[in-house]
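Structural characterization, general
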Amino acid sequence: MARNKIALLGAGQIGGTLALLTGLKELGDIVLFDIVEGTPQGKALDLVEASPIEGFDAKMRGTNSYADIEGADVVIVTAGVPRKPGMSRDDLVGTNLKVMEQVGAGIRKYAPDAFVICITNPLDAMVWVLQKAAGLPPEKVVGMAGVLDSARFRYFLAEELGVSVKDVSAFVLGGHGDDMVPLVRYSSMAGIPLPDLVRMGWTTQAKVDAIVDRTRKGGGEIVGLLKTGSAFYAPASSAIAMAESYLRDKKRVLPCAAFLTGQYGVDGLYVGVPAVIGAAGVERIVEVELNSSERGMFEKSIQSVRGLVESCQQIAPHLGA
Ligand code: A3D
């Protein structure tokens, strides 16, 4: 069987880490693309030189030409700029919208059958722009944010409970902003709901509240520490989990920014929801019941996403509704 082809558009911090993980997991051959000459070529060569040591077989090629992504099975997009301390994700709209239009045109021309994962921020708006610019079916274009946000939530909970990260499952809904909605009621340790663990004395409500707050601000915490860019290891791991579920038809239930057509009362926007990812892309969206407080937080998050998409429509009216 021929190897899968994976195109990584953007060869920066996340792009390089994506290439390393793709190699270590032997998901396929890699094309690393960037507008900066030398960077994707240098990273690809450095990475492939690690292959004899790590024992993986993959071709890795750096390029500045979209023609080289031709026929890619998966495309992961990180092209654009990350935020710096003091910036919100929303401050990136103007620059990254133009980048998404260029990248979308490249995908439209050379990889129209790919499963496309967008990571560029502000995520929920950029994945919306990318889908329009690429012209692919909405179920083949998704945004990565929920896997990362819920991994942060899971890690903080596992640390607090003193148990393995493997046994903590957590759930974050809504847009990838500071008003995302970590759902305590649907988070659990080995199937035991988090509110029950509070009642059983494993933790306190105050500690859970603090973890929810830290999760919401998780991206900013790392930007504040790094000072020169944003998180890249965990975002790359998150996107690879999504790519693997698609390529191996694992049908994992992963929170991601999926295009809604009425689910959760939202139509025509990309929003973070749990979705089944398999060989057909986003195969099914899980629509959980929300209580009034969760619904209120979700609505607030949707308003932020809607506002960002409206500003994209104003800057680029040709993208349509
Ligand atoms: P960085 O290391 O700066 O890499 C971005 C790369 O994009 C650079 O190598 C640029 O040269 C390249 N680039 C810029 N313009 C273009 C273009 N027009 N065409 C092709 N390549 C271009 O950033 P990074 O890898 O740390 O982050 C990439 C993006 O991911 C940023 O927008 C971050 O904000 C975003 N991000 C999202 C999450 C989510 O959870 C959604 C998490 C972390 C970072």
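Residues numbered from 1 in each chain as written. Predicted model: local features only at pLDDT ≥ 70, side-chain atom pairs only at ≥ 80, totals over all residues. Heavy atoms only, no water.

**Here's the deal with the pattern of salt bridges**
In plain terms, the rule: A carboxyl oxygen of Asp or Glu within 4 Å of a side-chain nitrogen of Lys or Arg is what we treat as a salt bridge. Throughout, exposure labels follow a simple rule: accessible area from a 1.4 Å probe, protein chains only, divided by the maximum for the residue type, with under 20% read as buried, over 50% as exposed, and the rest as partly exposed.
A full pass over the atoms with the stated rule returns twelve salt bridges. As a salt-bridge pair, lysine 217 and aspartate 213 come within 3.1 Å of each other at their nearest N and O atoms. Looking at lysine 217, the relative accessible area reads 44%, which means it is partly exposed. Arginine 248 is the partner of glutamate 244 in a salt bridge, and the nearest nitrogen-oxygen pair spans 2.8 Å. A relative accessible area of 42% means that arginine 248 is categorised as partly exposed. Linked through salt bridges whose partners overlap, the residues forming this network are Lys25, Glu244 and Arg248.

**Description of helix α9 (residues 218-226)**
The condition is simple: Strands are runs of DSSP state E lasting at least two residues, helices are runs of H or I lasting at least four, and both sets are numbered from the N terminus onward. Our arc is simply the arc of the directions from the helix axis toward the C-beta atoms. Contacts are assigned to residue pairs that have any heavy atoms within 4.5 Å of one another.
Turning to α9, its buried residues are Gly218, Gly219 and Val223. The arc that holds the buried residues of α9, viewed along the axis, is 135°, so those residues lie on one side. Elements in contact with the buried residues of α9: α6 (146-161) and α8 (205-216). Lysine 227 lies just past α9 and shows a positive phi near 70°.

**Section: the nonpolar core**
To keep it simple, the criterion reads: Joining through side-chain atoms within 4.5 Å is the link that ties buried Ala, Val, Leu, Ile, Met, Phe, Trp, Tyr and Cys residues into a set, and such a set is a nonpolar core.
By size, the foremost hydrophobic cluster in this structure holds 91 residues, and its most contacted members are Leu9, Val75, Ile76 and Ile107. For this core, the leading source of residues is helix α5 (residues 123-134), giving eight residues. With near-sequence residues (within four places) excluded, leucine 9 lies in contact with Phe33, Tyr66, Ile69, Val75, Ile76, Val77, Thr78, Ala79, Val103 and Ile107. Formed by 16 residues, the second largest nonpolar core is a distinct cluster that contains Val168, Val198, Ile211 and Val212.

**Regarding the pairing of strand β4 (residues 74-77)**
Regular strands place side chains that alternate from one sheet face to the opposite one. Spelled out, the test is: One requirement defines pairing of two strands: DSSP has to find at least two bridges between them.
The alternating pattern of β4 places Val74 and Ile76 and Val75 and Val77 on opposite faces, both of which are buried. In this sheet, β4 lies alongside strand β1 (residues 5-9) in parallel orientation, the contact comprising four bridges. Bridging from a neighbouring strand, leucine 8 pairs with isoleucine 76 of β4. In the sheet, β4 pairs with strand β5 (residues 115-118) via four bridges, with the strands oriented parallel.

**Side note on the UniProt feature "binding site: NAD(+)" (unreviewed entry) in the protein chain**
Rules: UniProt positions are given in the numbering used here, feature names are shortened, and annotations may be inferred rather than shown by experiment. N or O atoms closer than or at 3.5 Å make up a polar contact, with two conditions inside protein: a donor-capable atom paired with an acceptor-capable one, and, for residues adjacent in sequence, both atoms drawn from side chains.
On the UniProt side, "binding site: NAD(+)" (unreviewed entry) is annotated at positions that read Gly10, Ala11, Gly12, Gln13, Ile14, Gly15, Asp34, Asn96, Ile119, Thr120 and Asn121 here. Considering the arrangement of structural elements, one finds glycine 15 in helix α1 (residues 13-24). Classification of glycine 15 by relative accessible area gives buried; the value is 1%. Non-local contacts of glycine 15, meaning those with residues more than four positions away in its chain, are made with Leu8, Gly10, Leu32 and Thr78. Mapped onto the fold, aspartate 34 is located in the loop between β2 (29-33) and α2 (39-48). With a relative accessible area of 14%, aspartate 34 lands in the buried category. Aside from chain neighbours lying at most four places away, what touches aspartate 34 is Gly10, Ala11, Gly12, Pro40, Thr63 and Asn64. Here the side chain of aspartate 34 touches alanine 11 through a polar contact of 2.7 Å, landing on its backbone nitrogen.

**Side note on the environment of alanine 11**
Position of alanine 11 relative to the elements: it lies in the loop between β1 and α1. C-alpha of alanine 11 to C-alpha of valine 77: the two residues are 66 residues apart in sequence and 9.4 Å apart in space. Ignoring anything within four residues of it in the chain, the contact list for alanine 11 reads Gly16, Leu32, Phe33, Asp34, Thr39, Pro40 and Lys43.

**A look at the site of the ligand**
Heads up, the rule is: To be near a molecule or strand, a residue needs just one of its heavy atoms within 4 Å of it. The accessible surface values rely on the Shrake-Rupley method and a 1.4 Å probe; as for residues, cover is taken only from the protein chains in view. Side-chain classes are defined by residue name, with Ala, Val, Leu, Ile, Met, Phe, Trp, Tyr, Cys and Pro counting as nonpolar, Asp, Glu, Lys and Arg as charged, and the others, Gly among them, as polar.
What surrounds the ligand is a group of 27 residues, the closest being Gln13, Ile14, Asp34, Val81 and Gln102. Measuring from an oxygen atom of the ligand, one finds a backbone N or O atom of glutamine 13 at 2.8 Å. Coverage of the ligand by the protein amounts to 89% of the 870 Å² it exposes when considered alone. Those elements giving two or more residues to the shell around the ligand turn out to be α1 and α4 (93-110). No other element matches the three residues that α4 contributes to the shell around the ligand. Of the residues belonging to the shell around the ligand, the class tally is 16 nonpolar, ten polar and one charged.

**Comments concerning the environment of valine 181**
By the secondary structure assignment, valine 181 is in strand β9 (residues 181-182). A residue is classified by how much of its surface remains accessible, and valine 181, at 1% relative accessible area, is buried. In this structure the C-alpha to C-alpha distance between valine 181 and aspartate 213, which are 32 residues apart in sequence, comes to 9.8 Å. Sequence-distant contacts of valine 181, defined by excluding residues within four places in its chain, comprise Phe171, Val172, Leu173, Arg216, Met297, Phe298 and Ser301.

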